[in-house]
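Now for the letters of each chain:
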Amino acid sequence: MIKVQNLTKQFGPKTAVSRVSFTVERGEVLGFLGPNGAGKSTTMRMLTGFIPPSEGSIQVGPFDMLEQPIEAKRLIGYLPENAPLYADMTVYGFLAFAAEMRGFSGDAKKQAVQRAVEMCFLESVLHQSIDTLSKGYRHRTCFAQSVIHDPDVLVLDEPTDGLDPNQKHEIRELIRRMGQKKAIIFSTHILEEVEAACTRAIIIDRGQIVANGSPQELKQKSEMAGAVTVHVVNASAAEIKQRLGAIAGARKAVIVREEPPRIIARVLPQGAAADGVLARQVFEALAQPGWKIEELHTEEGRLDEVFRRITLPDTTQETQKP
Amino acid sequence: MKALLHIKTIAKRELTGYFASPVAYVFIVIFLLLTGFFTFMVSQLFGRGEASLSAFFLWHPWLYLFLVPAVGMRLWSEERRSGTIELLLTMPITAWQAIVGKFLASWLFLALALALTFPVVLTVNYLGHPDNGVILCGYVGSLLLAGGYLAVACMTSALTRNQVISFILSVVIGLLLILAGWPPVTQMFEQWASPWLVEGIASFSVMTHFDGFQRGVLDTRDLVFFLTMIGFCLFTTGVIIRGHRAG
Ligand SMILES: Nc1ncnc2c1ncn2[C@@H]1O[C@H](COP(=O)(O)OP(=O)(O)OP(=O)(O)O)[C@@H](O)[C@H]1O
Ligand SMILES: [Mg+2]
């Protein structure tokens, strides 16, 4: 549905987005991650036809955004960053306006508004003026606007920003559900959201894509992925460290924490170990009368760690130097 | 057809926006009070002993100089400040539909304010026998004049997010457009510049072209002047907006 090739945007001498390419098919939810100022919003603005790219092409469905902008825009629903709204309108008036702009009229318009209102839980503020709404409700109103025409492509810039935990959950579920039939791109700073809703994630840093894969694949890049953590009671820390370090598939063994009488230790694997192998080795290495293993589990890897590592190459290099 | 529909939707939204706030009513009241004050108090409509509205239309260029920028200053600057321009221009419409829609809404609003001056027409008709054709012509000219100023305000509001700056810019441009053809100024210039130069500059003035309408002369050249002015300013608005988007 969406095909972006070599997208580049320059603001004066500054390159905000640099040769970004990706595709999103129907049924995919693409999470867009990256530190502040990475170029997420700029990419989305180009994608939705708000700003023209300096270079590169954007294909939405069968249409090229630069050559047939109207047809391409018709397929897209867009929630801009910070959810801009016409403050002097009521929620209903605004949604009716959005529906009209999308070509609805009469009963079809009423139905479209009704559907969006239900989807975003806006009944209680329907006739309230937008400038008196709370931040979360504003966000939901703007979100409702983006789905009012049931678009094939949804571009959402931080859709859960400012929502309460319940609403965050609802919107995430909504994105996941809608993602089965649409092509969705959304940006976020909340990493759990990526795991909860995305089929694929892209990490962008200083305008360039630095990682692209399913949340599982990204987590594999984590140092922690495949590590085995064990909680042992009534044992000696030094002994544990020594025994774990001697395991064939272990790269490194560390004592994470000591909470007497409990010791929490972790073994990092050498390369990718087969499922469960390292855990069994750890179990065998620590099998000794008197020592009690309370807990033993294999880590999945953590997205936040991956994120930190690949978006901060400068600091990582510095810590590795000495 | 779709284009007209989009323009209508945008204009309707803009107009409801005006009337949702007290600003619209305040504007209309101020407009009516000022026209009344200048027509009856300063120009002494009753004391002139003639049945015409020349004393009424005489003041319009000066009133519009401040009142029209007040209406137009928020057109695009507010859209940019609040970020709604991003919503508007990612909808399946072209930028010129949005520009024309917003312009027409404000123009319609000004037309409404102008229409509410009808008691003046009734008064002169009650007191004497004015030439109503001349009066109608004056109204047409006044409406075009307002449109011209509004297009300038539309253009300056696209230049900046700041409404105050937008207001000041359009007042300054409007003032230049008046002074270029205002007799006291042209007479002063005639003393040291060649007459054709003064006349050439004056041909860009709204005063020169509004004059005919006031006297009841509907000249195509005046009509074309105002329509060209509107077209040019709206076109420039489009260029400015495209410039912002390109970054
Ligand atoms: N109109 C503009 N003019 C100049 N520079 C701009 C403009 N818009 C964005 N930038 C710059 O482009 C870079 C990318 O900005 P962008 O808004 O895309 O970041 P982001 O990834 O969305 O960040 P955040 O997480 O904070 O929302 C930033 O350095 C920003 O300063
Ligand atoms: Mg952003």
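All of the points below concern the structure found in this document. (Residues numbered from 1 in each chain as written. Chains lettered and ligands numbered in written order. Predicted model: local features only at pLDDT ≥ 70, side-chain atom pairs only at ≥ 80, totals over all residues. Heavy atoms only, no water.)

**What to know about the interface of chain A and chain B**
So, step 1. Listed by partner, the interface residues are 26 residues for chain A and 25 residues for chain B.
So, step 2. Together, the buried faces of chain A and chain B total about 2,500 Å²; carbon and sulfur atoms form 63% of this surface.
So, step 3. It is A:Phe50, A:Tyr86 and A:Met101 that lose the most area in chain A upon contact with chain B, and together they represent 30% of the buried surface on that side.
So, step 4. For the interface between chain A and chain B, the tally reads 4 salt bridges.
So, step 5. When the shortest N-O distance is used, the salt bridge between A:Arg45 and B:Glu86 registers 3.0 Å.
So, step 6. Summed over the shared surface of chain A and chain B, the number is 9 residue pairs in polar contact (both at pLDDT 80 or more).
So, step 7. Of all the secondary structure elements, the ones that give two or more residues to the side of chain A that touches chain B are β1 (2-11), α2 (69-74), α3 (91-101) and α5 (135-147) of chain A.
So, step 8. Examining the composition of the side of chain A that touches chain B, we find that 5 residues originate from one element, α3(A), more than from any other.
So, step 9. Its residues assigned to classes, the side of chain A that touches chain B comprises 16 nonpolar, 3 polar and 7 charged. (Contact = heavy atoms within 4.5 Å. Buried area = accessible area lost by both parts, 1.4 Å probe. Salt bridge = Lys/Arg side-chain N within 4 Å of Asp/Glu carboxyl O. Polar contact = N/O pair within 3.5 Å; in protein donor to acceptor, adjacent residues only side chain to side chain. Helix = DSSP H or I, 4+ residues; strand = E, 2+ residues; numbered from the N terminus. Nonpolar A, V, L, I, M, F, W, Y, C, P; charged D, E, K, R; others polar.)

**Points about the packing of α3(A) against helix α1 (residues 2-20) of chain B**
In a packed pair of helices, the relevant descriptors are the angle between the two axes and the axis-to-axis distance.
So, step 1. Their axes nearest at 10 Å, the elements α3(A) and α1(B) cross at an angle of 165 degrees. Our classification of the angle between α3(A) and α1(B) gives roughly antiparallel. The chirality of how α3(A) crosses α1(B) is left-handed. Across the interface between the two elements, A:Phe97, A:Glu100 and A:Met101 from α3(A) touch B:His6, B:Thr9, B:Ile10, B:Lys12 and B:Arg13 from α1(B).
So, step 2. When its residues are assigned to classes, the contact of α3(A) with α1(B) shows 3 nonpolar, 2 polar and 3 charged. (Axes fitted to C-alpha atoms, helices over the stretch in contact; angles between N-to-C directions. Parallel < 35°, antiparallel > 145°, perpendicular 65-115°, else oblique. Left-handed = near helix turned anticlockwise from the far one by under 90°.)

**Some details on the site of ligand 1**
Residue and element names in this part refer to chain A.
So, step 1. Surrounding ligand 1, one finds 14 residues, the nearest of these being Lys14, Lys40, Ser41, Thr42 and Glu81.
So, step 2. In the environment of ligand 1, an oxygen atom lies 2.9 Å from a nitrogen or oxygen atom belonging to the backbone of Gly39.
So, step 3. At 3 residues, helix α1 (residues 40-47) tops the list of elements feeding residues into the shell around ligand 1.
So, step 4. Split by residue class, the shell around ligand 1 holds 4 nonpolar, 6 polar and 4 charged. (Near = heavy atom within 4 Å.)

**Overview of the coordination of the magnesium ion (ligand 2)**
All names here are of chain A.
So, step 1. Coordination of the magnesium ion (ligand 2) by the protein is provided by Ser41 (OG) and Glu81 (OE), with metal-donor distances spanning 1.9 to 2.2 Å. With a gap of 40 residues between them, Ser41 in helix α1 and Glu81 in the loop between β6 (76-79) and α3 connect regions that are remote in the sequence.
So, step 2. Taking relative accessible area as the criterion, Ser41 reaches 12% and is therefore assigned buried. (Donors = N, O, S within 2.8 Å, 3.2 Å for Na, K, Ca; no water. Buried < 20%, exposed > 50% of the residue type's maximum accessible area, 1.4 Å probe, protein only.)

**Some words on the packing of aromatic side chains**
So, step 1. Per the stated rule, a full pass over the model turns up 18 aromatic pairs over all chains.
So, step 2. Centre to centre, the rings of B:Phe103 and B:Trp107 are 5.4 Å apart; their planes meet at 45 degrees, and the pair counts as tilted. Placement of both B:Phe103 and B:Trp107 in helix α7 (residues 95-115) is noted, with a separation of 4 residues, approximately one turn of the helix. Taken as a pair, B:Phe103 and B:Trp107 share a single burial class, namely buried.
So, step 3. Among the aromatic residues, ring-to-ring pairing joins B:Tyr18, B:Phe19, B:Tyr25, B:Phe27, B:Phe31, B:Tyr64 and B:Phe109 into one connected group.
So, step 4. The side chain of B:Arg13 reaches across the aromatic face of A:Phe97, ending 5.9 Å from its centre. (Phe/Tyr/Trp six-rings, centres within 6.5 Å; stacked < 30°, edge-to-face > 60°. Lys NZ or Arg CZ within 6 Å of the ring centre and 35° of its normal.)

**So, the pairing of strand β7 (residues 153-157) of chain A**
All names here are of chain A.
So, step 1. Of all the 5 residues making up β7, 5 are buried; the element is thus mostly covered by neighbouring parts of the structure.
So, step 2. Burial along β7 is two-sided: Val153, Val155 and Asp157 and Leu154 and Leu156, pointing in opposite directions, are all buried.
So, step 3. Here β6 runs beside β7; their pairing, made up of 4 bridges, is parallel. Following the sheet pairing, Ile76 is matched in β7 by Val153.
So, step 4. By the bridge criterion, 5 bridges tie β7 to strand β8 (residues 183-187) in an arrangement that is parallel. (Pairing = 2+ DSSP bridges.)

**Description of helix α8 (residues 118-127) of chain B**
Residues and elements named next belong to chain B.
So, step 1. For α8, the set of buried residues is Val120, Val121 and Val124. Burial along α8 is one-sided: seen end-on, the buried residues are contained in an arc of 100 degrees. Exposed side of α8, more than 90 degrees from the buried face: Leu122 and Tyr126 are the residues found there. (Arc of directions from axis to C-beta.)

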